[in-house]
Amino acid sequence: QVQLVESGGGLVQAGGSLRLSCAASGRTFSRSVMGWFRQAPGKEREFVAGINWSGDNTDYADAVKGRFTISRDNAKNTVYLQMNSLKPEDTAVYYCAADAARSPFIIMTHTTNYDSWGQGTQVTVSS
């Protein structure tokens, strides 16, 4: 498994930006698809963005396309989520997740496909 620690959350005004980081440990990180999910109060955890092992393929939820960018640095065992033009509806706890058990080429969007999770970082966007 991969151990994951998120950082970079905080309070920001609408229209602002934040960059989340997810530091990973474990030998399988570079072969894992990585994903960012979020969970708002009273809602289910939802897919935000995913990236394949090499970083040349990404996928985004419709709600964040054009505003969020996922990237990874395998040399640093880190995956990032750059969030621009933030909206109040982006407020949630953001989780980093690793899919180390399946294909490193295919980005899955359901929580059940990911086998390692971080503890989450709170993002709050004020209006």
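Read on for a plain summary of the structure. Note that the coordinates shown come from a computational prediction; the quantities given were computed from them, not determined experimentally. For every chain, the first residue of its written sequence is number 1, and the numbers climb from 1 along that sequence. Residue-level local features of this predicted model are given only where pLDDT is at least 70; pairs of side-chain atoms are given and counted only at 80 or more, and the full residue set underlies all totals for whole chains, interfaces and linings. Only heavy atoms go into the side-chain values, all of them from the structure, while hydrogens and water stay out.

## Describing the side chain of N52
So, point 1. As for its position among the elements, N52 is in the loop between β5 (46-51) and β6 (58-60).
So, point 2. Among the polar contacts listed, one links the side chain of N52 to the backbone nitrogen of G55, at a separation of 3.0 Å.
So, point 3. Contacts were defined at the residue level, with two residues in contact if any of their heavy atoms lie within 4.5 Å. In contact with N52, other than residues within four places in its own chain, are S32, V33, N57, R72, P104, F105 and I107. Only DSSP runs of H or I reaching four residues or more are called helices, and only runs of E reaching two or more are called strands; each is numbered from the N terminus. In the analysis that follows, any N or O atom pair within 3.5 Å is treated as a polar contact, provided that within protein one partner can donate a hydrogen and the other can accept it, and provided that, for residues neighboring in sequence, both atoms belong to side chains.

## Let's talk about the sheet that holds strand β3 (residues 18-25)
So, point 1. Reading across from one edge, β1-β3-β8-β7 is the order of the four strands in this open sheet, with antiparallel pairing throughout. In this open sheet, the two strands that pair with only one neighbour each are β1 (3-7) and β7 (68-73). Strand-to-strand, the axes of this sheet are offset by a mean angle of 15 degrees, without reference to chain direction.
So, point 2. Each pair of strands is called paired provided DSSP finds at least two bridges between the two strands. Looking at chain direction, β7 and strand β8 (residues 78-83) are connected through six bridges and run antiparallel. Within β8, the position partnered with D73 by the bridge is T78. To define axes, lines are fitted to C-alpha atoms, for helices over the stretch in contact only, and angles between the resulting N-to-C directions are given on a 0 to 180 degree scale.

## Some remarks on the environment of G15
So, point 1. Locating G15 in the fold gives a position in the loop between β2 (10-13) and β3.
So, point 2. Accessibility here uses a 1.4 Å probe with only protein chains present; expressed as a share of the type maximum, an area under 20% marks a residue as buried, one over 50% as exposed, and anything in between as partly exposed. Its relative accessible area of 53% is what places G15 among the exposed residues.
So, point 3. For the pair G15 and M83, spaced 68 residues apart in sequence, the C-alpha separation works out to 9.9 Å.
So, point 4. Sequence-distant contacts of G15, that is, excluding residues within four places in its chain, are made with S85 and L86.

## A short note on the environment of E44
So, point 1. Position of E44 among the secondary structure elements: in the loop between β4 (33-39) and β5.
So, point 2. For the pair E44 and G66, spaced 22 residues apart in the sequence, the C-alpha separation amounts to 23 Å.
So, point 3. The residues touching E44, leaving out its near neighbours within four places in the chain, are R38 and Q39.

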